[in-house]
Amino acid sequence: QVQLVESGGGLVQAGGSLRLSCAASGLTFSTYAMAWFRQVPGKERTFVAVISSSGGTTYYADSVKGRFTISREYAKNTVYLQMNSLKPEDTAVYYCAAAYYVGRDYYKLDGYDSWGQGTQVTVSS
């Protein structure tokens, strides 16, 4: 079965950086689009970024454009989220997701087949 395991979360001061990783197994990594979502307690899980199966296309939520970068490493079956210039409002649990096919609905939760368990990111002011 598909497993997605996130790591790299933690506590950082505002303006700092973190890099999240998501190791995938049980799937043909090169054929899946990979994404990051985040969720604050009591609120809906929201889209952060997605990268196509080829790595050639990426999309970002407006709130993170210019600060976050999604990338993937095929040799390690891993997708990354480099987060720079972090703000307190970036505090959330960050989830990795995989989709065999996701088209225009890349920002919707139900477009994804598999999810990780999440990693906590806390940005202090």
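Cut-offs used in this document
- Residues numbered from 1 in each chain as written.
- Predicted model: local features only at pLDDT ≥ 70, side-chain atom pairs only at ≥ 80, totals over all residues.
- Heavy atoms only, no water.
- Helix = DSSP H or I, 4+ residues; strand = E, 2+ residues; numbered from the N terminus.
- Buried < 20%, exposed > 50% of the residue type's maximum accessible area, 1.4 Å probe, protein only.
- 1 Å grid on protein atoms, 1.4 Å probe; cavity = no way out; pocket = protein on both sides within 12 Å on 5 of 7 lines; lining within 4 Å.
- Points joined across faces, edges and corners; volume = space filled by probe spheres on them.
- Nonpolar A, V, L, I, M, F, W, Y, C, P; charged D, E, K, R; others polar.
- Polar contact = N/O pair within 3.5 Å; in protein donor to acceptor, adjacent residues only side chain to side chain.
- Contact = heavy atoms within 4.5 Å.
- Disulfide = S-S within 2.5 Å.
- Pairing = 2+ DSSP bridges.
- Axes fitted to C-alpha atoms, helices over the stretch in contact; angles between N-to-C directions.

Glancing now at the overall build of the protein. Scanning the protein for helices and strands turns up 0 helices and 11 strands. Sequence-ordered secondary structure for the protein, helices as α and strands as β, is β-β-β-β-β-β-β-β-β-β-β. For the protein, the spread of C-alpha atoms along the principal axes amounts to about 40 × 25 × 25 Å. Counting only residues that meet the buried cut, the protein has 44% of its 125 residues in that class.

Attention now moves to the layout of surface pockets. In this structure, the largest pocket encloses a volume near 160 Å³. For the largest pocket, the lining is made up of 15 residues, of which Ala33, Ser52, Ser53, Val102 and Gly103 are closest to its centre. Residue composition of the lining of the largest pocket, by class: 10 nonpolar, 5 polar and no charged.

Relative to the assigned elements, threonine 78 resides in strand β8 (residues 78-83). Judged by its relative accessible area of 8%, threonine 78 falls in the buried class. Within the structure, threonine 78 has its side chain in polar contact with the backbone oxygen of lysine 76 (distance 2.8 Å). Sequence-distant contacts of threonine 78, that is, excluding residues within four places in its chain, are made with Ser21, Cys22, Ala23, Phe29, Ser71, Arg72 and Glu73.

Quick look at the state of the cysteines now. Within this structure, the stated rule accounts for 1 disulfide. Residue cysteine 22 pairs covalently with cysteine 96 via a disulfide, S to S 2.1 Å. Looking along the S-S bond of the cysteine 22-cysteine 96 disulfide, the torsion reads about -80°, which is the left-handed sense. In this pair, cysteine 22 is assigned in strand β3 (residues 18-25) and cysteine 96 in strand β9 (residues 92-99), connecting sequence segments 74 residues apart.

This part is about the sheet that holds strand β1 (residues 3-7). Pairing in this open sheet of 4 strands is antiparallel, and the strands run β1-β3-β8-β7 from one edge to the other. For this open sheet the edge positions go to β1 and β7 (68-73), each flanked by a neighbour on one side alone. With strand direction ignored, the average angle separating the axes of adjacent strands in the sheet is 15°. Pairing analysis gives 6 bridges linking β7 to β8, with the strands arranged antiparallel. Bridged to isoleucine 70 within β8 is leucine 81.

In this section: the environment of phenylalanine 47. Its place among the elements puts phenylalanine 47 in strand β5 (residues 46-51). By relative accessible area, phenylalanine 47 is classed as buried at 12%. Sequence separation between phenylalanine 47 and leucine 81 is 34 residues, and the spatial gap between their C-alpha atoms is 13 Å. Setting aside residues no more than four positions away along its own chain, phenylalanine 47 makes contact with Trp36, Phe37, Tyr59, Tyr60, Ala61, Tyr106 and Tyr107.

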